[in-house]
Amino acid sequence: MPTIGTLNEEGTNVDLYIPRKCHASNTLITAFDHAAIQINVGEIDANGVYTGETKSLCVAGFLRHQSESDHAINRLCISNGIIRPRTANPKKQKKAKPSAAAKGKAAGARPPTKGGRAPAKGSKPAPKGA
């Protein structure tokens, strides 16, 4: 496994700070990026029991400010095999069979109107007593 940081002669790490890297954008997460997050996702076996192993996902703060972190975490989980992608097309809804009233409307039959025709555009309606 490759080592990260500076090692002394005994092989211990002597760096005070080792920056993290955003898994989504591949940029360094600075010490002052207080909006950055690190999520540890637990691995489970085929029976759904936690195995004790985790996968770490780091997301930079600027992705969170752009509201892209949810999409980035989903994409990282799919690429790491944590969740499965949804590849199926959504099922189409079947149209309801038209009723007898709807069949009459579709054929062009209009319901009778009171008083014959509708008033022309721009004309005033006739008084009720007339």
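What counts and how
Residues numbered from 1 in each chain as written. Predicted model: local features only at pLDDT ≥ 70, side-chain atom pairs only at ≥ 80, totals over all residues. Heavy atoms only, no water. Pairing = 2+ DSSP bridges. Helix = DSSP H or I, 4+ residues; strand = E, 2+ residues; numbered from the N terminus. pLDDT = per-residue confidence, 0-100. Disulfide = S-S within 2.5 Å. Buried < 20%, exposed > 50% of the residue type's maximum accessible area, 1.4 Å probe, protein only.

Some words on the pairing of strand S4 (residues 50-59)
In this structure, strand S3 (residues 37-44) lies alongside S4, joined through 7 bridges in antiparallel fashion. The partner of Gln38 across the bridge, within S4, is Cys58. Count of turn residues in the S3/S4 antiparallel hairpin: 5 residues, of which Gly48 carries a positive phi of about 85°.

Focus on unusual backbone geometry
Phi is positive for Asn26, close to 65°, though the residue is something other than glycine. Checked against the element boundaries, Asn26 lands in the loop between strand S1 (20-21) and strand S2 (28-29).

A word on the confidence of the model for the protein chain
Averaged over every residue, the pLDDT of the protein chain is 82; residues scoring 70 or more account for 78%. When the elements of the protein chain are averaged for pLDDT, helix H3 (residues 100-106) gives the smallest value, 60, and S4 the largest, 94.

Let's talk about the state of the cysteines
A full pass over the atoms with the stated rule returns 0 disulfides. In this structure Cys22 is a free cysteine whose sulfur lies 7.8 Å from that of Cys58, the closest cysteine sulfur available. The exposure class of Cys22 is buried, given its relative accessible area of 2%. Residue Cys58 is classed as buried on the basis of its relative accessible area of 5%.

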